[in-house]
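Examination of the molecular architecture
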Amino acid sequence: MKLTLHKVNELNQEDFIDMFGPLFEHSPWVAERAWSSRPFATEQDLISALEREVWRADRLEQLALLRAHPDLGTRVRMTDHSVQEQSGAGLNQLTAEEYEQFLAYNKQYTDTFEFPFIMAVKGQTKETIREAIRTRIQRDKEEELGKALQEVCKIGRFRLEAVLINEVEAKAMKQANGSERIMYYGKGDVWVYRSYAKPLTNLTLIPESGFTGRDNVLFGMNIKVAVSGEKFFTSFTEGDNRVVVATDSMKNFILRKAGEYEGATAEGFLEFAGRHFLETYPQMTGVKMTADQVSFEVLPVPGAKGFDGSDLVYRYSQNEHPTALVEVVRTDEGIAVVDHAGGIADLKLIKVKGSSFAGFVRDEYTTLPESFDRPLFIFLDIAWSYEEVADALDSDLGRYVAAEQIRDIAHTVFHEQHSPSIQNLIYRIGQRSLTRFPQLKEIRFESNNRTWETILEQASVGEGKVFTEPRPPYGFQGFSMTKSDLEGL
């Protein structure tokens, strides 16, 4: 069962624990304590309340929480959440040699830190997980305890996605006929890898970015699809499945369509597949699809034919990745796109100096000092929509905006300008992006302040400082801009 935030706020403590206790492995006390923080105004408030209890717990409770997690890549009995997460990363398909290797790494890690290696494995592979454990074994014990708790919180956020309906998503999925009822179902984590897709070319070049295109030798996406239609009503009320398309069939449908797609953009594929859903299944009146693109890095290989390196061997990137959203509905005039967006997610930027935060309200609640030259570390998600949806779907029109170009604009603006606040920084990034790409209708930001905590203002040698990871809660910002914000410039 999935709930809206409004319904979450109406839960009694027992039901709240039943719903959110499993987010933290065998540790329902996290949800039990977070319940008193109701009502939650936003999804972020709920997340912060749960994470706050993890960090407030005493050391013995924190260690018990960490020790409740299973070793990655082993065959011990696990919760349903852990089984699904490890399966998604391929840890249920280890060879005998890989299994023994994971056992050895896990034992070395546990012997060192006295709790199991913990990592949020969604979107990871067994190779990236194995590399992470090798690296983290070398850490200081206190540093690794903090990292493990951060991963526990990240796992909780991923699990929360399965039980909470985003209010914006719920509104977007209302029926095309104007009904206020929320009614949809679908399939998530549909991983699609297409080799030798059409290259992304014909881009508008900008001075902030050297990105000229993508070869799409590997075109990967993690897709979520949700379908709606009034005819599905009886499947909810009476258990009548005569018009229900199994979500496993949806997965296979998407995979087959990936082989038929002739375009170069993720947005184009989502529209292509969504349109075919409506053409194939008349009981569907709306299809909303989102995609996290899987980024692959070209490997430098001496003598390789590829311009930047090997045209055969790629590395799975753990960095930021492009995103896409397309929603299509059936109308009296035919099938139409009613919502679309391109984007880039999980962009992590740090500037070692040249940022400040001062002049804010100071009263009896204020303990934060003013800062005039601080390091600034932000997590940033950016999304944009076009004046003409066709520009998002067909790169041959020459007006497609690549996520890498928006990423490079963010890099450039962050480098060039002193930032008096994160709010001003994202405004300047949006201003530059809309100026470079007038075909865009709107650009939206969700940022998160992860600035490091300063431990030493002056290192013993040189001009450096010493920092450590921050602890929750984190500040965040949301902002949108249109071309009207450029007027008068």
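Small disclaimer: the values here were computed from a predicted structure and weren't measured. (Residues numbered from 1 in each chain as written. Predicted model: local features only at pLDDT ≥ 70, side-chain atom pairs only at ≥ 80, totals over all residues. Heavy atoms only, no water.)

1. Notes on the packing of helix α7 (residues 96-113) against helix α8 (residues 126-136)
Between α7 and α8, the least distance of the axes is 10 Å, while the angle of their chain directions is 30°. One finds that α7 runs roughly parallel with respect to α8. Judged by the sense of rotation from one axis to the other, the crossing of α7 with α8 is left-handed. On α8, the residues touching Glu-98, Gln-101, Phe-102, Tyr-105, Asn-106, Tyr-109 and Phe-113 of α7 are Lys-126, Ile-129, Arg-130, Ile-133, Arg-134 and Arg-136. Residues that form the contact of α7 with α8 fall into these classes: 6 nonpolar, 2 polar and 5 charged. (Axes fitted to C-alpha atoms, helices over the stretch in contact; angles between N-to-C directions. Helix = DSSP H or I, 4+ residues; strand = E, 2+ residues; numbered from the N terminus. Parallel < 35°, antiparallel > 145°, perpendicular 65-115°, else oblique. Left-handed = near helix turned anticlockwise from the far one by under 90°. Contact = heavy atoms within 4.5 Å. Nonpolar A, V, L, I, M, F, W, Y, C, P; charged D, E, K, R; others polar.)

2. A look at a negative patch on the surface
Together, Asp-292, Asp-346, Asp-381 and Glu-446 make up a region of like negative charge exposed at the surface. Structurally, Asp-381 is set in strand β8 (residues 371-386). (Patch = residues over 30% accessible without salt bridge, like charges linked within 9 Å, V, L, I, M, F, W, Y side chains within 5 Å. Areas by Shrake-Rupley, 256 points an atom, 1.4 Å probe, with all protein chains shown as cover. Salt bridge = Lys/Arg side-chain N within 4 Å of Asp/Glu carboxyl O. Lys, Arg positive; Asp, Glu negative; His and termini not counted. Charge placed at Lys NZ, Arg CZ, Asp CG, Glu CD.)

3. Considering the side chain of Asn-222
For Asn-222, the position within the fold is in strand β2 (residues 218-228). Of note is the side chain of Asn-222, whose polar atom sits 3.4 Å from the backbone nitrogen of Val-190. (Polar contact = N/O pair within 3.5 Å; in protein donor to acceptor, adjacent residues only side chain to side chain.)

4. Some points on the packing of aromatic side chains
A full pass over the atoms with the stated rule returns 19 aromatic pairs. Geometrically, the ring pair formed by Phe-16 and Phe-20 is tilted, given 4.8 Å between the ring centres and 50° between the ring planes. You can see Phe-16 and its partner Phe-20 sitting in helix α2 (residues 13-20), 4 residues apart, about one turn around the helix. Residue Phe-16 is classed as buried on the basis of its relative accessible area, which comes to 0%. (Phe/Tyr/Trp six-rings, centres within 6.5 Å; stacked < 30°, edge-to-face > 60°. Buried < 20%, exposed > 50% of the residue type's maximum accessible area, 1.4 Å probe, protein only.)

5. Digging into the sheet that holds β2
In a beta sheet, neighbouring strands are held together by backbone hydrogen bonds and run either parallel or antiparallel to one another. With antiparallel pairing, 8 strands are arranged side by side in an open sheet as β1-β2-β3-β6-β7-β8-β9-β12. Edge positions in the sheet fall to β1 (185-195) and β12 (476-482), since each of these pairs with one other strand and no more. In this sheet, adjacent strand axes meet at a mean angle of 20° when their direction is disregarded. As paired elements, strand β3 (residues 286-294) and strand β6 (residues 321-331) share 7 bridges and run antiparallel to each other. By the bridge assignment, Asp-292 is partnered in β6 with Thr-323. Here helix α12 (residues 247-260) sits on the sheet and contacts β1, β2 and β3; the angle it forms with β1, its principal contact strand, is near 25°. Across the sheet, helix α16 (residues 422-436) touches β8, β9 (440-449) and β12, and the angle it forms with β12 is around 25°. (Pairing = 2+ DSSP bridges.)

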